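Below, each chain spelled out in residue letters.
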Amino acid sequence: IDGAANEFGGGLQRRFGALTGDARTRFDGFTREARGKAQSAYGRAVDVLEDQLSRAPAQVQEPGRKAVAFARERPLATVAGLAAVAFLLTRGRRRR
């Protein structure tokens, strides 16, 4: 919901800035709209993980629920951790 609100509000702000010729308002609206799109995409990804978790083996479901709860509560830490893992994995591939 936060993502959709930021996306919608940012779009209005961006268009208002364009209409009035105010570059700062237009830029702020653009960044708010982009933040909203990112929030919405992150929320959809976590929803998909949660849905897939319900089909996972029983022994994986409880740790998976904890991971999903962490991802919902701390999205920045989750994204930073995933980026670090991806960096390390791709760095290892380049050395081979």
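Treat the numbers as computed from the prediction; the structure is a model and nothing was measured.

Another aspect to go through is the overall build of the chain. Counting secondary structure elements, the chain contains four helices and zero strands. Its helices and strands in sequence order give the chain the pattern α-α-α-α, from N to C terminus. For 96 residues, the compact-globule estimate of 2.2 N^0.38 gives 12 Å, and the C-alpha radius of gyration of the chain, at 18 Å, exceeds that figure by more than 25%. Here the C-alpha coordinates of the chain stretch approximately 55 × 40 × 20 Å along the principal axes. Relative to its 96 residues, the chain shows a buried fraction of 19%. Residue pairs at least 24 apart in sequence account for 41% of intrachain contacts in the chain once pairs closer than 6 positions are excluded. Accessible area for the chain stands at about 7,500 Å²; split by element, carbon and sulfur atoms hold 61% of it. In the chain, the 18 positive side-chain charges and the 10 negative ones have mean positions that sit 10 Å from each other.

Where helix H1 (residues 2-20) meets helix H2 (residues 23-53), the axes come as close as 7 Å, and the angle between the chain directions of the two elements is 160 degrees. The angle between the axes of H1 and H2 places the two elements in the roughly antiparallel class. At the point where H1 passes H2, the crossing takes the left-handed sense. When grouped by side-chain class, the residues that make up the contact of H1 with H2 number five nonpolar, 12 polar and nine charged.

Another aspect to go through is H2. Given a rise of 1.5 Å per residue, 31 residues ought to cover 45 Å, and the 45 Å separating the end C-alpha atoms of H2 matches this to within 8%. Residues Thr25, Gly29, Glu33, Gly36, Ser40, Val46 and Leu53 constitute the buried set of H2. In this fold, the buried residues of H2 make contact with H1 and helix H3 (58-73). Where H2 begins, the side chain of Asp22 points an oxygen toward the backbone nitrogen of Arg24, at a separation of 3.1 Å.

Enumeration over the complete set of coordinates arrives at six salt bridges. In this structure, Arg72 and Glu50 form a salt bridge, with 2.9 Å as the shortest nitrogen-oxygen distance. One end of the pair, Arg72, is in helix H3; the other, Glu50, is in helix H2, with 22 residues separating them in the sequence. Residue Arg72 is classed as partly exposed on the basis of its relative accessible area, which comes to 39%. Note that Arg55 is salt-bridged to Asp51, the shortest N-O span being 3.1 Å. For Arg55, a relative accessible area of 58% translates into the label exposed. The class of Asp51 is partly exposed, set by a relative accessible area of 37%. Within the structure, one salt-bridge network assembled from shared partners comprises Asp47, Glu50 and Arg72.

What counts, and at which threshold
- Residues numbered from 1 in each chain as written.
- Predicted model: local features only at pLDDT ≥ 70, side-chain atom pairs only at ≥ 80, totals over all residues.
- Heavy atoms only, no water.
- Helix = DSSP H or I, 4+ residues; strand = E, 2+ residues; numbered from the N terminus.
- Rg over C-alpha atoms; globule rule 2.2 N^0.38 Å.
- Buried < 20%, exposed > 50% of the residue type's maximum accessible area, 1.4 Å probe, protein only.
- Contact = heavy atoms within 4.5 Å.
- Areas by Shrake-Rupley, 256 points an atom, 1.4 Å probe, with all protein chains shown as cover.
- Lys, Arg positive; Asp, Glu negative; His and termini not counted.
- Charge placed at Lys NZ, Arg CZ, Asp CG, Glu CD.
- Axes fitted to C-alpha atoms, helices over the stretch in contact; angles between N-to-C directions.
- Parallel < 35°, antiparallel > 145°, perpendicular 65-115°, else oblique.
- Left-handed = near helix turned anticlockwise from the far one by under 90°.
- Nonpolar A, V, L, I, M, F, W, Y, C, P; charged D, E, K, R; others polar.
- Expected span 1.5 Å × (residues − 1).
- Polar contact = N/O pair within 3.5 Å; in protein donor to acceptor, adjacent residues only side chain to side chain.
- Salt bridge = Lys/Arg side-chain N within 4 Å of Asp/Glu carboxyl O.

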